[in-house]
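Below are the chains, spelled out letter by letter.
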Amino acid sequence: MLLIRPPGVYPPQGDTELLVSCLRRESLDSASRVLDLGTGTGAVALAAAGTGARVTAVDLSARAVATAWLNARLYHRRIRLRRGDLSCPVAGQRFDLVTANPPYVPTADGVTQPGHGPALAWDAGPDGRLLLDRICREAPRLLARGGVLLVVQSSLADVPATLAALRSAGLRVTVAARRRQAFGPVMTARAAVFERRGLIRPGEREEELVVVRGVRRW
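A brief report on the enclosed structure follows.

Cut-offs applied
Residues numbered from 1 in each chain as written. Predicted model: local features only at pLDDT ≥ 70, side-chain atom pairs only at ≥ 80, totals over all residues. Heavy atoms only, no water. Buried < 20%, exposed > 50% of the residue type's maximum accessible area, 1.4 Å probe, protein only. Helix = DSSP H or I, 4+ residues; strand = E, 2+ residues; numbered from the N terminus. Contact = heavy atoms within 4.5 Å. Pairing = 2+ DSSP bridges. Right-handed = clockwise from strand over helix to strand, strands pointing away.

## Remarks on helix 1 (residues 14-23)
Because an α-helix completes one turn every 3.6 residues, residues spaced three or four positions apart along the sequence face the same direction. The element helix 1 is extensively covered by neighbouring structure, given that eight of its ten residues are classed as buried. Every buried residue belonging to helix 1 is among Gly14, Asp15, Thr16, Leu18, Leu19, Val20, Cys22 and Leu23, and all of these are buried. Of the surrounding secondary structure, the elements contacted by the buried residues of helix 1 are helix 2 (43-49), strand 4 (95-100), strand 5 (143-154), strand 6 (171-182) and strand 7 (206-216).

## Digging into the pairing of strand 1 (residues 33-37)
Among the five residues that make up strand 1, four are buried, leaving the element largely enclosed by the rest of the structure. In this sheet, strand 2 (residues 54-59) lies alongside strand 1 in parallel orientation, the contact comprising five bridges. Looking at strand 2, one finds that Arg33 is bridged to Arg54. What joins strand 1 to strand 2 is helix 2, and the crossover it makes is right-handed. Note: strand 1 against strand 4, four bridges, orientation parallel. Pairing of Asp36 across the sheet is with Thr99, part of strand 4.

## Things to note about the pairing of strand 2
Regular strands have side chains that alternate between both faces of the sheet. Of all the six residues making up strand 2, five are buried; the element is thus mostly covered by neighbouring parts of the structure. Relative to strand 3 (residues 79-83), strand 2 is paired through five bridges, and the arrangement is parallel. The partner of Val55 across the bridge, within strand 3, is Ile79. Since strand 2 and strand 3 lie parallel, the crossover through helix 3 (residues 62-74) that links them has a hand, and here it is right-handed.

What follows is the structure in C-alpha cells.
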C-alpha cells in the first residue's frame, strides 16, 4: 500500500507489516470497534478499516493526524481521527481491538527523555519502555469483554516485562508473531550502546520484532 508520508511522520516498516499481519488474523466486521494508538501514517488503521470495522486512530502529532486523514481519503476509508496523548482522547470508551506500534528504541547513554521532531517516533527512554509501560497500564482498560490488544515491539525493549505487565492487568497473553530483521539506521547508530548494555552480542546487528497479544477475559 502506497501512503503519503511527509517528513517527521514514522513510515511503515517491518514492525508495521508484522502488526498488520496479526490484525488480519482477528475476526473483524462492521460491528467491531478498533482503536489504533500512535497511528502515524494510518497504515494499521487503514488495514482495520478495510475489514469494515469502525476505526478510531490517535496520535500526539498533528502532522501524523493530518497524514492519516489524507491517506484515509486517498483509499476511501472511514477513520475517526483524534489528536492527543495515547489513550486520553478515548478515555472511558471500549474497543474490541486495540493496536499499538509505539516508540521502543532505547536511547543513548545519558539520554533519559525522547528527542524532538522525528525522534519522537522511535526514542523510548533508556530501556525502550517509556510508552510500552503506559500502554500496558492504559490499554487493558480500553478493551471490551473479550477484546484484544496487539502491540509490537523490539526484543531490545524487554518483551518479558510486557508479558508480565499485561498478565498483571488481567489479560490472557501470548506472543502472536516473531520476526528477525536487520538494524535500520537508528539502531545501527546505537549498536555500540546496546553492546555495552548487553542488549545484543558484539557484532550483532539484528533485532527480533515481537507482537504481543492480550485478551480481556471479563
